[in-house]
Amino acid sequence: MVRLMDIGLERLKNLVAEMGEYSAKTVFLAIDSYGQGEDLMDHLYVRSKEIQKMHDEASELAVELIARYQPVASDLRFIKSCMEIGYGFLRFSRYAFDISQVLRLFGDVTVCDKKEVIRAGEHVKEMVKISIKAFIEKDIDLAKKVREMDTLIDKMYLETLKKASKTTNNNIKCIISEVLVLRYIERIADHATYIADSVVYIVSGEKRI
Amino acid sequence: MIGMNKELLSVSSKERVNQTYKIETENLNAWFGTKQALKDINIKIRANSITAIIGPSGCGKSTLIRCLNRMHELVPSAKVSGKVFLDGVDIYSKNVDPVIVRRRVGMVFQKPNPFPTMSIYDNVAAGLKLNGIRDRKRLDEIVRKSLEQAWLWDEVKDDLDKPGASLSGGQQQRLCIARALAVEPEVLLLDEPTSALDPIAASKIEQLIVSLKRDYTIVIVTHNMQQAARVSDYTAFLYLGRLIEYDVTAKIFSNPREELTENYIAGRFG
Amino acid sequence: MAYIKDKGGCSRIMQTYLVRKFKDKFAYAVCLACVIVAVIPLGSILFEVTKNGLPALNMEFFIEGPRAIGEPGGGIANSIQGTLILIGLTSLIGVPIGILSGIYLAEFGNNKFGKIVRLTNNILAQFPSIVIGIFAYLTIVLLIGSFSPLAGAIALAIIMIPIITRTTEESLKLVPNTLREASMALGIRRWRTIMSIVLVSAKNGVVTGIMLSISRIAGETAPLIMTILGSQWFFSGLTEPMDALTLRIWRLALLPYDYAHTTGWGAALVLIIIVLSLNILARILTRSKFVLRGV
């Protein structure tokens with residue numbers, strides 16, 4: 001039997017998925033534009049505001065579903081997770097904006113070595129993509145993959161940080177910007193991991209694997 | 001799901017908010033003898049929406065909807081003052097025939113009450129037949145349409161001659177809904193329509209009610225807050241004959257304005 | 001079960017158990033005995049009437065009128081005809097009035113006037129039928145100038161109306177109010193609701209009341225002496241004297257001849273059969289098309 005609640009759950013899922021796609025694109029834009037040295041801060045600001053609105057709408061809908069239908073078991077887990085996943089997407093867009101802000105504040109960083117940032121960026125793009133796919137398809141294996149991928153980002157971030165602490169390079173701008181952007185990328189990766197954890201929680205009820 | 005309306009949820013979200021009012025009351029007061037059951041009710045009910053009326057027992061919920069189709073005055077010693085506008089016309093003005101009002105504003109009661117001496121077919125056709133419509137073809141058509149709208153057609157199409165009272169409780173209530181729909185009303189008043197039914201039958205009726213919203217304006221009285229939360233777009237909270245709060249359902253159940261409302265829906269009294 | 005293990009090994013509850021069990025059985029036995037006592041006269045009447053009446057029944061008995069007094073043979077056809085005419089005529093007058101006033105009392109009678117009507121009606125129902133006979137004699141018989149079935153029917157209708165009124169009122173009041181509301185909420189007018197929903201739902205009770213009143217008037221004798229008088233002849237007009245079974249039985253019983261007594265028993269048997277078959281007919285007619293479930 002189709003329940004009245006199912007319509008709401010479907011809508012919540014679509015809303016969060018839509019939000020995920022949009023925030024993923026925002027992350028891609030930020031990472032790509034940083035690599036190409038293109039200042040998109042104003043554009044990304046608008047985007048992050050839009051995502052903020054989507055997040056408000058999704059959480060309002062989630063609260064409405066709880067108030068209306070008193071969900072239990074998997075329904076309840078799904079709604080709770082949607083709220084958390086929505087928040088993750090909101091953070092994606094926020095860090096994307098932060099990345100673009102680094103470019104704006106530091107101005108021209110073309111002389112710097114961006115190899116490491118670009119490598120981490122490509123990696124985190126993949127993580128973001130997979131985490132959204134895992135949510136839409138409720139795929140526990142994809143979710144596990146995201147968690148595995150996170151270790152590489154953590155390692156890259158830590159190494160860059162160590163390198164920076166010992167550096168003698170006098171182009172301080174390059175170092176700070178690299179560390180900052182990697183820091184944001186690391187945060188995005190963390191949130192992608194949380195999203196993956198939530199997917200696991202929806203499907204199995206387990207907090208972590 | 002058949003006819004399920006996607007608009008059920010979220011009056012909170014941007015789409016929608018239907019502003020056409022089907023029914024408006026103005027300082028509506030009602031009495032039983034000397035006991036005042038309703039005090040200065042002002043409520044505007046939107047067309048093609050489901051409005052739930054909740055409140056503790058004896059708060060005047062049923063009286064309120066009975067004032068909307070002039071059923072209240074059938075009780076000896078009952079009295080009404082104030083105005084009730086149906087499409088802008090006061091149904092309590094002198095030149096309005098209450099019988100015509102009741103044809104436009106149908107009602108379904110707490111306990112399923114099919115006419116015991118009539119077949120399923122005759123139950124549905126009763127409102128038309130007893131108002132002088134005899135054209136068999138037209139009756140057949142309306143009976144079928146009404147039973148379909150009430151999600152009962154498939155279950156009874158081969159037993160139209162069987163007595164209405166032979167159906168199960170949930171089916172009987174859907175038969176009563178079909179009977180009310182057959183006279184082609186614009187508004188449907190439901191007075192605790194599921195309180196005498198088991199949960200499964202009740203849930204079916206709830207879904208049915210939601211599906212009817214497209215064609216009718218629905219007002220449902222319920223002492224089951226969860227039911228109000230599930231099916232309605234707007235919720236009115238009545239307490240001791242007064243309208244305490246009236247708002248979008250999601251708002252009432254997540255962020256009520258009045259403390260009294262909060263205390264009631266949170267189960268702190270009532 | 002701690003109470004069973006009392007000091008003496010037998011608790012109070014156990015001590016009284018047998019007493020209570022006996023009381024229960026005893027009460028049942030008393031009830032049964034009373035029922036038997038009540039049924040004995042009914043059974044013996046039926047038995048006597050059948051035993052004595054059966055020999056009288058033959059073809060002649062049903063198609064001929066009575067012969068001259070003292071001459072055996074003949075029949076009671078004119079009396080059967082008279083009784084049937086009286087039942088028909090009385091019902092024609094009494095049933096509509098009785099039902100309509102019953103409807104009034106049940107549906108609109110919740111006021112002072114209704115109370116007065118109800119009281120009057122109940123008093124009328126207790127009236128000795130001979131008084132009603134005298135009343136009909138003083139008004140109608142003297143007015144028309146002759147004994148007549150019309151006067152008889154009016155006298156019997158006066159007996160019939162309060163019975164039907166009361167049973168109709170009571171059966172209408174048994175119809176749940178939710179049905180009236182359901183009908184009114186469909187935009188059906190009050191009168192239509194009463195006639196097509198309420199009265200139909202109360203049909204069985206109303207018909208039972210009518211049957212009850214017919215049985216009652218079919219057995220009346222006293223008012224008939226003063227209104228239709230009795231006659232040797234068949235029906236010959238609404239203003240001429242007429243015979244009825246009860247009158248015939250009464251007159252035959254007074255005669256000193258054996259044949260007359262046998263004919264009387266036969267007439268009594270016929271009367272019982274008429275009333276019985278009317279009752280059965282009514283049951284068949286009102287048998288609900290539907291077997292109701294849980295209403």
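Trainee: For this particular structure, what's the right way to read helix 1 (residues 4–36) of chain A?
Mentor: Working note: α-helix, 3.6 residues per turn, so residues spaced by three or four point in the same direction. Look at helix 1 of chain A: 49 Å from first C-alpha to last across 33 residues, which is about the 48 Å you get at 1.5 Å a residue. Phi turns positive one or two residues past the end of helix 1 of chain A, at A:G37, with a value near 70°.

Trainee: In this structure, what is going on with helix 3 (residues 77–108) of chain C? I would like to understand it.
Mentor: Relative to the 46 Å expected for 32 residues at 1.5 Å per residue, helix 3 of chain C spans 45 Å between its end C-alpha atoms, a close match to the ideal helical length. Of all the bends found along helix 3 of chain C, the most pronounced is centred on C:S91 and spans about 35°.

Trainee: Which parts of the structure should I look at to understand the pairing of strand 10 (residues 234–239) of chain B?
Mentor: Residues and elements named next belong to chain B. For strand 10, the tally of buried residues reaches six of six residues, placing the bulk of the element in the interior. Burial along strand 10 is two-sided: the face carrying Y234, A236 and L238 and the face carrying T235, F237 and Y239 are both buried. In this sheet, strand 11 (residues 242–248) lies alongside strand 10 in antiparallel orientation, the contact comprising six bridges. Its bridge partner being in strand 11, Y234 is matched across the sheet by V248. What sits between strand 10 and strand 11 in their antiparallel hairpin is a turn of two residues, with L240 showing a positive phi close to 50°.

Trainee: Before we go on, may I ask you to explain the packing of helix 3 (residues 73–106) of chain A against helix 6 (residues 172–204) of chain A in this structure?
Mentor: Working note: a packed helix pair is described by the angle between its axes plus the distance between those axes. Residue and element names in this part refer to chain A. Contact geometry for helix 3 and helix 6: axes closest at 9 Å, N-to-C directions at 170°. Considering their axes alone, helix 3 and helix 6 lie roughly antiparallel with respect to each other. Tallied by class, residues from the contact of helix 3 with helix 6 come to 15 nonpolar, five polar and six charged.

Trainee: Sorry, what's going on with the arrangement of the chains here?
Mentor: Pairwise contact counts over the two pairs of chains in contact peak for chains B and C. There is a clear gap between chain A and chain C: no contact, and 29 Å between their nearest C-alpha atoms.

Trainee: Could you clarify how one ought to interpret the pairing of strand 9 (residues 217–221) of chain B in this entry?
Mentor: Strand residues, when the strand is regular, have side chains that alternate between the two faces of the sheet. Residues and elements named next belong to chain B. Most of strand 9 is tucked away: five of the five residues are buried. Side chains T217, V219 and V221 of strand 9 all project onto a buried face; the interleaved residues I218 and I220 project onto the opposite face, where all are buried too. Alignment of strand 4 (residues 50–54) against strand 9, held across four bridges, turns out to be parallel. When the sheet's bridge partners are listed, I50 is paired in strand 9 with I218. Bridge analysis of strand 8 (residues 187–191) against strand 9 gives five bridges, and the strand direction is parallel. Note on strand 9: the bridge partner recorded for L189 is V219. Taken together, strand 8, helix 7 (residues 199–212) and strand 9 constitute a β-α-β crossover, and its handedness is right-handed.

Trainee: What exactly am I supposed to notice about the confidence of the model for chain C here?
Mentor: Reading predicted coordinates in detail is not appropriate for stretches of low pLDDT. All names here are of chain C. On average, residues of chain C score 89 in pLDDT, and 94% of them are at 70 or above. Note on residues 291–295: pLDDT is under 50 here. Beyond four places in sequence and across chains, it has seven contacts. Here the complex is predicted with pTM 0.79, and the ipTM for its interfaces comes to 0.87.

Trainee: For this particular structure, what's the right way to read the interface of chain C and chain B?
Mentor: Often, the extent of an interface is quoted as the loss of accessible area upon association of its parts. In this assembly, 20 residues from chain C lie in contact with 26 residues from chain B. A breakdown of the residues in the side of chain C that touches chain B according to their chemical character gives 11 nonpolar, five polar and four charged.

Trainee: How should I be thinking about unusual backbone geometry in this particular structure?
Mentor: Residue and element names in this part refer to chain B. For D40, which is not glycine, the phi dihedral falls at a positive 45°. Of note, E192 is a non-glycine position whose phi angle comes to about 45°, a positive value. Tracing the sequence through the fold places E192 in the loop between strand 8 and helix 7. We classify E192 as partly exposed; it has 18 C-beta atoms within 10 Å.

Cut-offs and rules
- Residues numbered from 1 in each chain as written.
- Chains lettered and ligands numbered in written order.
- Predicted model: local features only at pLDDT ≥ 70, side-chain atom pairs only at ≥ 80, totals over all residues.
- Helix = DSSP H or I, 4+ residues; strand = E, 2+ residues; numbered from the N terminus.
- Expected span 1.5 Å × (residues − 1).
- Bend = angle between axes of the 7 residues up to and from the residue.
- Buried ≥ 20, exposed ≤ 12 C-beta atoms within 10 Å, placed from the backbone.
- Pairing = 2+ DSSP bridges.
- Axes fitted to C-alpha atoms, helices over the stretch in contact; angles between N-to-C directions.
- Parallel < 35°, antiparallel > 145°, perpendicular 65-115°, else oblique.
- Nonpolar A, V, L, I, M, F, W, Y, C, P; charged D, E, K, R; others polar.
- Contact = placed C-beta atoms within 7 Å.
- Right-handed = clockwise from strand over helix to strand, strands pointing away.
- pLDDT = per-residue confidence, 0-100.

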